[in-house]
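Residue-level structure breakdown
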Amino acid sequence: MRLIIGARDYGAGLSVTNYVNAKRFMREYPVSVLQVIQPVPSRENLVGFLAWCSGRRRLPMQVVINQVAPMERQMAMHYLLNRGYRTADRVTFIKM
């Protein structure tokens, strides 16, 4: 199942607006693709959310990072690459 974290409803899979709500869904549903598209600001950040998922063994094999602030994207990219993910386009990360 795809979980989309974004400010709008994209009509595919599960959609939430921020990382706090995403944690609830990650606890309840098996997510195979995590896609982040302009999330609503919250007390969490992307790297903190990815670390939370990883610590609970809920980080999916595919993570897609679209339209995220450049600094947050850079930090998330390094986080994922250091955990065995690979990318060809710096948007889609797949665990090898």
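The structure under discussion appears in the preceding block.
Below is a summary of the structure that appears in this document. Each chain has its residues counted from 1, running along the sequence as written. Totals for whole chains, interfaces and linings use every residue, but because this is a predicted model, local features are given only for residues with pLDDT of at least 70 and side-chain atom pairs only at 80 or more, for both listing and counting. Based on all heavy atoms of the structure, the side-chain values leave hydrogens and waters out of the count.

Some thoughts on the pairing of strand 4 (residues 62-66)
Quick note on the threshold: When DSSP finds two or more bridges between a pair of strands, those strands are recorded as paired. What counts as a helix is a DSSP run of H or I of at least four residues, what counts as a strand is a run of E of at least two, and both are numbered from the N terminus. When the strands point away from the viewer and the connection leading from the first strand across the helix to the second strand turns clockwise, the crossover is called right-handed.
Where strand 3 (residues 33-37) and strand 4 come together, 5 bridges link them in parallel fashion. Residue pairing across strands places Leu34 opposite Val63, the latter belonging to strand 4. This β-α-β element, strand 3 to helix 2 (residues 46-55) to strand 4, shows right-handed connectivity. Two strands pair when backbone bridges link them, and strand 4 and strand 6 (residues 92-95) are joined in this way by 3 bridges, in the antiparallel orientation. Paired with Val64 across the strands is Thr92, a residue of strand 6.

Points about the pattern of salt bridges
To keep it simple, the criterion reads: Salt bridges are defined as contacts in which a side-chain nitrogen from Lys or Arg sits within 4 Å of a carboxyl oxygen from Asp or Glu. Buried, partly exposed and exposed residues are distinguished by accessible area as a fraction of the type maximum, computed with a 1.4 Å probe on protein chains only: under 20%, between the cut-offs, and over 50%, respectively.
Inspection of every chain in the model, using the stated rule, returns 1 salt bridge. For Glu44, the salt bridge goes to Lys23, with nearest N and O atoms at 2.5 Å. Of the two residues, Glu44 sits in the loop between strand 3 and helix 2 while Lys23 sits in helix 1 (residues 19-28), which places them 21 residues apart along the sequence. Using a relative accessible area of 13% as the deciding quantity, one classes Lys23 as buried.

Concerning unusual backbone geometry
Residue Gln67 is not a glycine yet carries a positive backbone phi of 50°. One non-glycine residue, Arg90, lies in positive phi territory at about 65°. Look at Arg90 and you get exposed, because its relative accessible area is 53%.

Re the packing of aromatic side chains
For the record, the criterion: Centre distance within 6.5 Å is the pairing criterion for rings of Phe, Tyr and Trp, where only the six-membered ring of Trp is used; planes under 30 degrees apart are then read as stacked, over 60 as edge-to-face, and the remainder as tilted. For a lysine, the NZ atom is tested; for an arginine, the CZ atom; a charge sits over a ring if that atom is within 6 Å of the ring centre and within 35 degrees of the ring normal.
This model, assessed by the stated rule, comprises 3 aromatic pairs. For the pair Tyr19 and Phe49, a centre-to-centre distance of 5.4 Å together with 25° between the ring planes defines the contact as stacked. Here the residue Tyr19 occupies a position in helix 1, and Phe49 occupies one in helix 2, the gap between them amounting to 30 residues. Here Tyr19 matches Phe49 in class, with each residue buried. Here Phe49 and Trp52 contribute two aromatic rings whose centre-to-centre distance is 6.4 Å and whose plane-to-plane angle is 15°, an arrangement assigned as stacked. In this pair, Phe49 and Trp52 both sit in helix 2, 3 residues apart, roughly one turn of the helix. Sitting above the plane of the Tyr79 ring, Arg83 keeps its charged end 3.6 Å from the centroid.

Focus on the side chain of Asn18
In plain terms, the rule: Two N or O atoms count as a polar contact when they lie within 3.5 Å, although within protein this holds only if one can serve as hydrogen donor and the other as acceptor, and sequence-adjacent residues are included solely when both atoms are side-chain atoms. When checking whether two residues touch, look at their non-hydrogen atoms; a contact exists if any pair is within 4.5 Å.
The topology assignment puts Asn18 in the loop between strand 2 (14-16) and helix 1. The class for Asn18 is buried, based on a relative accessible area of 14%. Among the polar contacts listed, one links the side chain of Asn18 to the backbone nitrogen of Val20, at a separation of 3.2 Å. Those residues in contact with Asn18 that sit more than four places away from it in its chain are Ile5, Val40 and Ser42.

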